[in-house]
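Read off the chains here:
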Amino acid sequence: MARAARRAWSDEEEESLLEKLTTLVDQGVWQAEHGFHPGYLEVLENQLRSSFPQGGIAKNHIEAKIKNWKQTCFQLQHMLQIPGFGWNATENRLLVEDAVWNEYVQVNRRVRQMKEMQFPNYNRWCHCFGREY
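Each residue is numbered by its place in its chain's sequence as written, counting from 1. This being a predicted model, a pLDDT of at least 70 is required before a residue's local features are given, and a value of 80 or more before pairs of side-chain atoms are given or counted; all residues contribute to the totals for chains, interfaces and linings. The side-chain values count all of the structure's non-hydrogen atoms but skip hydrogen atoms and water molecules.

S.K.: I'd love a proper account of the nonpolar core, names of residues and values included.
M.R.: For our purposes a nonpolar core is just a set of buried Ala, Val, Leu, Ile, Met, Phe, Trp, Tyr and Cys residues, chained together by side-chain atoms within 4.5 Å. Only protein chains enter the accessibility calculation, which uses a 1.4 Å probe. A residue is then buried if its area is under 20% of the maximum for its type, exposed if over 50%, and partly exposed in between. Core analysis: the biggest nonpolar cluster contains 35 residues, and Y40, I62, I66, W101 and F129 have the highest contact counts within it. Taken together, the elements giving at least two residues each to this core come down to α1 (11–27), α2 (40–51), α3 (59–80), β4 (93–96), α4 (98–107) and α5 (122–129). Whether two residues are in contact is decided by their heavy atoms, any of which lying within 4.5 Å being enough. With residues near it in sequence (within four places) discarded, F129 still touches L21, F36, I66, W69, K70, C73 and F74. The numbering of helices and of strands both runs from the N terminus, where a helix is a DSSP run of H or I of at least 4 residues and a strand a run of E of at least 2.

Put into C-alpha cells, the structure is as follows:
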C-alpha cells in the first residue's frame, strides 16, 4: 500500500480538528472502548471540508494527525509516571533533570526533542484519547 504524502497543517486547521474531535468525544457517540467507532474520520473530514473548502484535508491526513497526537500524548503520560519527570502546567512542558533525561533518551531515542518542546494541547489530547493517569 502506498504511503500518503505528509501534509503541513496550519495552526488554524489543527485547532479546528482538535475542537471537532473534542466535540465528538463530548457527544459520547463516537468514543469506543479502545478508540473511536468506525465512521468518525468521515465525519471529521466533512466538517473540516466545510470549514476549509480549499484545504484539501483528506481522511488519511486526519488519521495521521490524530495518530501523531495520540502517540505524543501517551508518550508524555508514560514519562510522567517515571520518577524524576514532572510537568510545568504554566509552560506546558516536561520538567526533568538532565541526568534523568539522558538516561531515558538512551533507551527511547525517538523522544529526544521532547524535552524542550511545549505541549499546549496535552490536557485536551488526554480528554480525547483517555488513559489519563
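S.K.: Provide a residue-level description of the side chain of E45, including the pertinent values.
M.R.: Looking at where E45 falls in the secondary structure, it is placed in helix α2. Apart from residues lying up to four places away in sequence, E45 is in contact with I57, A58, K59 and I62.

S.K.: Tell me what's going on with unusual backbone geometry, and back it up with residues and numbers.
M.R.: With a phi close to 55°, N92 is a non-glycine residue in the positive phi region. Along the chain, N92 falls in the loop between β3 (85–88) and β4.

S.K.: Mind laying out the pattern of salt bridges, listing which residues take part and the relevant values?
M.R.: Salt bridge, as used here, is a side-chain nitrogen of Lys or Arg placed within 4 Å of a carboxyl oxygen of Asp or Glu. Across all of its chains, the model carries seven salt bridges by this definition. Here E15 makes a salt bridge to R124, at a shortest N to O gap of 3.1 Å. Taken together, the residues span a long stretch of sequence, with E15 in helix α1 and R124 in helix α5 at a distance of 109 residues. Using a relative accessible area of 30% as the deciding quantity, one classes E15 as partly exposed. Taking the relative accessible area as the measure of exposure, R124 reaches 27% and is therefore partly exposed. Measuring nitrogen to oxygen at the nearest pair gives 3.1 Å for the salt bridge that ties E45 to R49. Here R49 and E45 lie together in helix α2, a separation of four residues that amounts to about one turn. Under the relative-accessibility criterion, E45 is labelled buried at 15%. Accessibility expressed as a relative area gives 41% for R49, which makes it partly exposed.

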